[in-house]
Amino acid sequence: QVQLAESGRGSVQTGGSLTLSCAPSGATDSIDCMAWFRQAPGKKRQWVATVYLSNGATFYADSVKGRFTISRDNTQNTAFLQMAELKPEDTAMYYCAAANRRYAGLFSYQQQERYNYWGQGTPVTVSS
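Structural notes, computed from the coordinates. (Residues numbered from 1 in each chain as written. Predicted model: local features only at pLDDT ≥ 70, side-chain atom pairs only at ≥ 80, totals over all residues. Heavy atoms only, no water.)

### Notes on the packing of aromatic side chains
To describe a pair of aromatic rings, one takes the distance between the centres and the angle between the planes.
Here's step 1: The final tally for this structure, using the stated rule, is eight aromatic pairs.
Here's step 2: Where Tyr52 meets Tyr109, the ring centres are 6.5 Å apart and the plane angle is 85 degrees; that geometry is what we call edge-to-face. Taken together, the positions of Tyr52 in strand E5 (residues 46-52) and Tyr109 in the loop between strand E9 (92-99) and strand E10 (117-118) put the pair 57 residues apart, joining distant regions of the chain.
Here's step 3: Take Tyr52: its relative accessible area is 18%, and that puts it in the buried class.
Here's step 4: Between Tyr103 and Phe107, the ring centres sit 6.2 Å apart and the planes meet at 65 degrees, which makes this aromatic pair edge-to-face.
Here's step 5: Tyr103 sits in the partly exposed class, given a relative accessible area of 27%.
Here's step 6: The rings of Trp47, Tyr52, Phe59 and Tyr109 are connected pair by pair, giving a single aromatic cluster. (Phe/Tyr/Trp six-rings, centres within 6.5 Å; stacked < 30°, edge-to-face > 60°. Helix = DSSP H or I, 4+ residues; strand = E, 2+ residues; numbered from the N terminus. Buried < 20%, exposed > 50% of the residue type's maximum accessible area, 1.4 Å probe, protein only.)

### Some words on the nonpolar core
Here's step 1: Grouped together as the largest cluster of nonpolar side chains are 38 residues, with contacts concentrated most on Met34, Trp36, Leu81, Met83 and Tyr94.
Here's step 2: Sorting the residues of this core by element identifies strand E1 (2-7), strand E3 (18-26), strand E4 (33-39), E5, strand E7 (68-72), strand E8 (79-83), E9 and strand E11 (122-127) as the ones contributing at least two each.
Here's step 3: Not counting the four nearest positions on each side in its chain, Tyr94 is found in contact with Glu6, Leu20, Trp36, Phe37, Arg38, Phe68, Leu81, Met83, Gly121, Thr122 and Val124. (Core = buried A, V, L, I, M, F, W, Y, C linked by side-chain atoms within 4.5 Å. Contact = heavy atoms within 4.5 Å.)

### Quick look at the sheet that holds E1
In sheet architecture, strand pairing relies on hydrogen bonds along the backbone and comes in two forms, parallel and antiparallel.
Here's step 1: In space, the four strands of this open sheet follow the order E1-E3-E8-E7, with antiparallel pairing throughout. For this open sheet the edge positions go to E1 and E7, each flanked by a neighbour on one side alone. Strand-to-strand twist in this sheet, taken as the mean axis angle between neighbours without regard to direction, amounts to 15 degrees.
Here's step 2: As judged from the five bridges shared by E3 and E8, these two strands associate in the antiparallel manner. Directly across from Leu18, in E8, lies its bridge partner Met83. (Pairing = 2+ DSSP bridges. Axes fitted to C-alpha atoms, helices over the stretch in contact; angles between N-to-C directions.)

### So, the side chain of Thr78
Here's step 1: Assignment of secondary structure puts Thr78 in the loop between E7 and E8.
Here's step 2: The contacts of Thr78, once residues within four sequence positions are left out, are Ser21, Cys22, Ala23, Pro24, Ser71, Arg72 and Asp73.

### Re the environment of Tyr103
Here's step 1: Relative to the helices and strands, Tyr103 is located in the loop between E9 and E10.
Here's step 2: For Tyr103 and Gln46, which are 57 residues apart along the polypeptide, the C-alpha to C-alpha distance reads 19 Å.
Here's step 3: Tyr103 has contacts with Glu113, Arg114 and Asn116, leaving out every residue within four places of it along the chain.

### Structural notes on the pairing of E7
Here's step 1: Here five bridges tie E7 to E8, and the two strands are oriented antiparallel to one another. Looking at the pairing, Phe68 lines up with Met83 of E8.
Here's step 2: Here E7 folds back onto E8 in antiparallel fashion, the turn holding six residues, of which Asn77 has a positive phi close to 60 degrees.

### A word on the pattern of salt bridges
Here's step 1: Considering all chains together, one arrives at five salt bridges under this definition.
Here's step 2: Between Asp32 and Arg114 there is a salt bridge; the shortest N-O distance is 2.8 Å. Of the two residues, Asp32 sits in the loop between E3 and E4 while Arg114 sits in the loop between E9 and E10, which places them 82 residues apart along the sequence.
Here's step 3: Close ionic contact of Asp90 with Arg67 constitutes a salt bridge, the shortest N to O distance being 2.8 Å. (Salt bridge = Lys/Arg side-chain N within 4 Å of Asp/Glu carboxyl O.)

Quick look at the structure:
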């Protein structure tokens, strides 16, 4: 149905910046929103940010608010995650996710169960 290709892996110093991208293919017209999640070794997967493709509305986890910016390209529906003022605790595997409206009435955009499609993940490392 939908395939997600992530890019932008990198290793940066504390305080640095990095931008990730997620390009969807397949049945892209069915996508309602796209999101970024992250997971560090030994920790639970956590929601980072969500963008709705139709109107560009964005939502952020408190831990990244003011430092990260999620956006989308209207033509290609590519989602971007601009990360600034990076900290060591931002080190994780970052996953792109996309959702149609199948579970819109059951789960919120902050819950991983909301999303139908997932990328393979791209690693981000922030050194002290």
